[in-house]
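Fold and geometry: a report
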Amino acid sequence: MPVEITWWGHATATVEDSGVRVLTDPLFVRRLGHLRRRRGALPPAAAAVADVVLVSHLHADHLHLGSLARLAPGTRLVVPRGAPAAVPGLRKVATARGLLVSEAAPGDELAVGAVRVRAVHAEHDGRRRPYGPHRVPALGYVMRGEATTYFAGDTGLFRAMADEVGPVDVALLPVGGWGPFLGHGHLDAGRAARALALLDAASAVPVHYGTYWPIGMDAVRPHEFHAPGEEFARLAAQLAPKATVHRLAHGESVRPTEAV
């Protein structure tokens, strides 16, 4: 069965490959602190069904304890090495839900059914605020089954990206954020298009945009909320013309390896 990708919003997606369901950075809430979900219905209960869940880093919009608590008992959860020590409540949620937690650092691999998952470097600050100066590496993940799919998590461009990630068929790339400005360690639409060119992937799915926005800031740089996906597709056509960009609506699915 070809790989199928469903985007639920923000950095949350389901990758189905070789009969294995992989869920990335689950965030299933309407509001998170000063952020509210402005576009797309909340993911249905079925979105929390997965064989393995990959958490890229410790920021609360990527490692969200309430969303992890919706996972079924026995779900394997992969987190950056040191996460259980750095995040109060992660061990409690994992124990209460019977989650099988694996800690990973760049280069580590694990097998889930017929899919192999490899953790790779991400150029991003992985600290969990406001709990102190714990340094836990931010990760991306490469999933290899019938296709090879790269989930970048949050990252900036870095010199060794192509070598670190390796050849991939599909790239899930962040192209925006949840506020009017992106700091160091992020991809905007232009940098994501450059990353796609470096990776030479056949297909790309833009993520991490157009979902959450700070309360009371609807009129502040709305272009940064609405436009990154379209802008990424436009720039990717220039910088990586052989790649096919699948700009999904929330809850929409695509089989990218069938579409190229």
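Look up a bit, the structure's there.
Just so we're clear, the structure is a prediction, and the values are computed from it rather than from any experiment.

Okay, the side chain of Ser67 next. The topology assignment puts Ser67 in helix α1 (residues 65-68). A polar contact of 2.8 Å, which involves the side chain of Ser67, links it to the backbone nitrogen of Phe28. Within the structure, Ser67 has its side chain in polar contact with the side chain of His64 (distance 2.8 Å).

Looking now at the sheet that holds strand β3 (residues 20-24). Pairing between the strands of a sheet comes from backbone hydrogen bonds, and it takes one of two forms, parallel or antiparallel. Taking strand neighbours across the sheet as the criterion, the seven strands line up as β8-β7-β6-β3-β2-β1-β17 in an open arrangement whose pairing is mixed. Single-partner strands in this sheet number two, and they are β8 (100-104) and β17 (253-254).

Attention shifts here to the pattern of salt bridges. Applying the stated rule across the entire model yields seven salt bridges. Measuring nitrogen to oxygen at the nearest pair gives 3.0 Å for the salt bridge that ties Glu109 to Arg116. For the salt bridge of Asp188 with Arg191, the shortest nitrogen-to-oxygen distance reads 3.4 Å. Given the relative accessible area of 27%, Asp188 is considered partly exposed.

Glancing now at the environment of Val3. Mapped onto the fold, Val3 is located in the segment before β1 (4-9). With relative accessibility at 1%, the residue Val3 sits in the buried group. Separated by 138 residues in sequence, Val3 and Tyr141 have C-alpha atoms that sit 16 Å apart. Apart from the residues lying within four places of it in its own chain, the contact partners of Val3 are Val15, Glu16, Asp17, Ala147, Thr149, Val254, Arg255, Pro256 and Thr257.

Rules and cut-offs
- Residues numbered from 1 in each chain as written.
- Predicted model: local features only at pLDDT ≥ 70, side-chain atom pairs only at ≥ 80, totals over all residues.
- Heavy atoms only, no water.
- Helix = DSSP H or I, 4+ residues; strand = E, 2+ residues; numbered from the N terminus.
- Polar contact = N/O pair within 3.5 Å; in protein donor to acceptor, adjacent residues only side chain to side chain.
- Pairing = 2+ DSSP bridges.
- Salt bridge = Lys/Arg side-chain N within 4 Å of Asp/Glu carboxyl O.
- Buried < 20%, exposed > 50% of the residue type's maximum accessible area, 1.4 Å probe, protein only.
- Contact = heavy atoms within 4.5 Å.

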